[in-house]
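# Observations on the three-dimensional arrangement
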Amino acid sequence: MNDCKQLETLIPSYLDGELSEAQAAPLRRHLLACQACRNAAQGERALKAWFQAEPAVAVPDGFAARIARRAFEGDTGEPRVAAGAERETPILRFVLAATSVAAAVLFLLAIALHVAELPGTDRLRADSASPQPLEEVLRELDRVNAESERAGDAATAGAGEAARGE
Ligand SMILES: [Zn+2]
């Protein structure tokens, strides 16, 4: 379909909020009708979130992909809508789903970055056979935090100074 190619080029601008309402309206209508373009927009959005949060330290291979896959499998963190909110439109649902996937990726990326800076986190490696439940990860982080507090991490303090010095 010719529309797809044409409208797909607008998706990045749309996600950046750079389109006028006159431009955005037909694109929104098309996204509602076209699964392929919806997927493209969703992928674009996740990718954008990923690059905006591009880390200074390496994250284990496949970590974000694994989280994103898990999110797409239904663990979207989609807000429980209060009764009476069933009139939620499909586009809103789409935006919520896309947003929660991006948020999940960012949240876990933040955890990953935190973990990467801390010592003794071998048990948190994301390449373990099965994904760790979030609660377990958070418990582990608490433990690691307590340890590094005791250790009085001089490197972290130094990095903090440098950041403040800028
Ligand atoms: Zn399309």
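Here, the structure is the one placed above.
Description of the structure in this document. The structure presented is a predicted model; accordingly, all values stated were derived computationally and were not measured.

Scanning the chain for helices and strands turns up 8 helices and 0 strands. Along the chain, helices and strands appear, N-terminal first, in the series α-α-α-α-α-α-α-α. Put simply, the chain has 166 residues, and 27% of those count as buried. Partitioning the intrachain contacts of the chain with sequence separation of at least 6 by distance along the chain shows that 66% fall at a separation of at least 24. Taken as a whole, the chain presents about 11,000 Å² of accessible surface, with 55% of it coming from carbon and sulfur.

With distances of 2.0 to 2.3 Å, the protein atoms coordinating the zinc ion are Cys4 (SG), His30 (NE2), Cys34 (SG) and Cys37 (SG). The site at the zinc ion holds 4 donor atoms, and with the angles between them running 98 to 112 degrees, its shape is tetrahedral.

With that settled, consider a nonpolar patch on the surface. Residues Phe107, Leu134 and Leu138 make up a contiguous nonpolar surface patch of about 230 Å² in total accessible area. Its relative accessible area of 36% is what places leucine 138 among the partly exposed residues.

Rules behind the numbers
- Residues numbered from 1 in each chain as written.
- Predicted model: local features only at pLDDT ≥ 70, side-chain atom pairs only at ≥ 80, totals over all residues.
- Heavy atoms only, no water.
- Helix = DSSP H or I, 4+ residues; strand = E, 2+ residues; numbered from the N terminus.
- Buried < 20%, exposed > 50% of the residue type's maximum accessible area, 1.4 Å probe, protein only.
- Contact = heavy atoms within 4.5 Å.
- Areas by Shrake-Rupley, 256 points an atom, 1.4 Å probe, with all protein chains shown as cover.
- Donors = N, O, S within 2.8 Å, 3.2 Å for Na, K, Ca; no water.
- Tetrahedral: all angles 85-135°; square planar, octahedral: opposite > 155°, others 65-115°.
- Patch = residues over 30% accessible without salt bridge, like charges linked within 9 Å, V, L, I, M, F, W, Y side chains within 5 Å.
- Salt bridge = Lys/Arg side-chain N within 4 Å of Asp/Glu carboxyl O.

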